[in-house]
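# Summary of structural features
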Amino acid sequence: ILLALHVAGGICKLHDVEGAKQWYQQSAAIFQRTMDILRLVVDGSLNEGVTYGSYTSRAITQFAFLLNRRSKTAEFVQHPWFEKHFDFLKYTILPGYRETVGIADSSPTWFYGPESQLHFLDRFVLNTGEANW
């Protein structure tokens, strides 16, 4: 829904549809609420664990990238959860970088990633090169 709202705002803006700006603003406000909740997660983890959490972290990092590109500010990527999420990815990988720590009924791999998440974190948050495995 969030991505659809954002994309629809972009398409409508191209055609000078009234209200397109509000759609962008609404999508940013909804995303900001998500990040406000994640501010409470001080270790950068997700409640779904490594495998299923890769769905969520991919969506969060990709949407933050879109908002950052659209707004041309760093307000959407300068967040403590993003900084700690790299640690979560890093410390749940088994030696050799091929498998993750599988908890409960999860798979020993990511469902999505970690390439897009790591690229986003390295390029826009960390800027250290550490996330380029």
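Just above sits the structure.
Residues numbered from 1 in each chain as written. Predicted model: local features only at pLDDT ≥ 70, side-chain atom pairs only at ≥ 80, totals over all residues. Heavy atoms only, no water.

### Some words on the overall build of the chain
Within the chain one finds 5 helices and 0 strands. Helices and strands appear in the chain in the N-to-C order α-α-α-α-α. By principal-axis analysis of the C-alpha atoms, the chain measures approximately 55 × 30 × 25 Å. Sorting the 133 residues of the chain into buried and exposed places 38% on the buried side. In the chain, the share of contacts with a sequence separation of at least 24, taken over all contacts with a separation of at least 6, comes to 63%. (Helix = DSSP H or I, 4+ residues; strand = E, 2+ residues; numbered from the N terminus. Buried < 20%, exposed > 50% of the residue type's maximum accessible area, 1.4 Å probe, protein only. Contact = heavy atoms within 4.5 Å.)

### Focus on the packing of aromatic side chains
To describe a pair of aromatic rings, you give the distance between the ring centres and the angle between the ring planes. Scanning the entire structure with this criterion turns up 8 aromatic pairs. Consider the rings of Phe-31 and Phe-63, whose centres lie 5.5 Å apart with planes at 50°: the pair is tilted. Placement of Phe-31 in helix H2 (residues 20-38) and of Phe-63 in helix H3 (residues 49-71) is noted, with a sequence separation of 32 residues between them. By relative accessible area, Phe-31 is classed as buried at 2%. We classify Phe-63 as buried; its relative accessible area is 5%. With a centroid separation of 5.2 Å and 65° between ring planes, the pair formed by Phe-82 and Phe-120 is classed as edge-to-face. In this pair, Phe-82 sits in helix H4 (residues 80-91) while Phe-120 sits in helix H5 (residues 115-126), placing the two residues 38 residues apart along the sequence. Residue classification places Phe-82 among the buried residues on the basis of a relative accessible area of 0%. Taken together, the ring pairs connect Phe-65, Trp-81, Phe-82, Phe-120 and Phe-124 into an aromatic cluster. (Phe/Tyr/Trp six-rings, centres within 6.5 Å; stacked < 30°, edge-to-face > 60°.)

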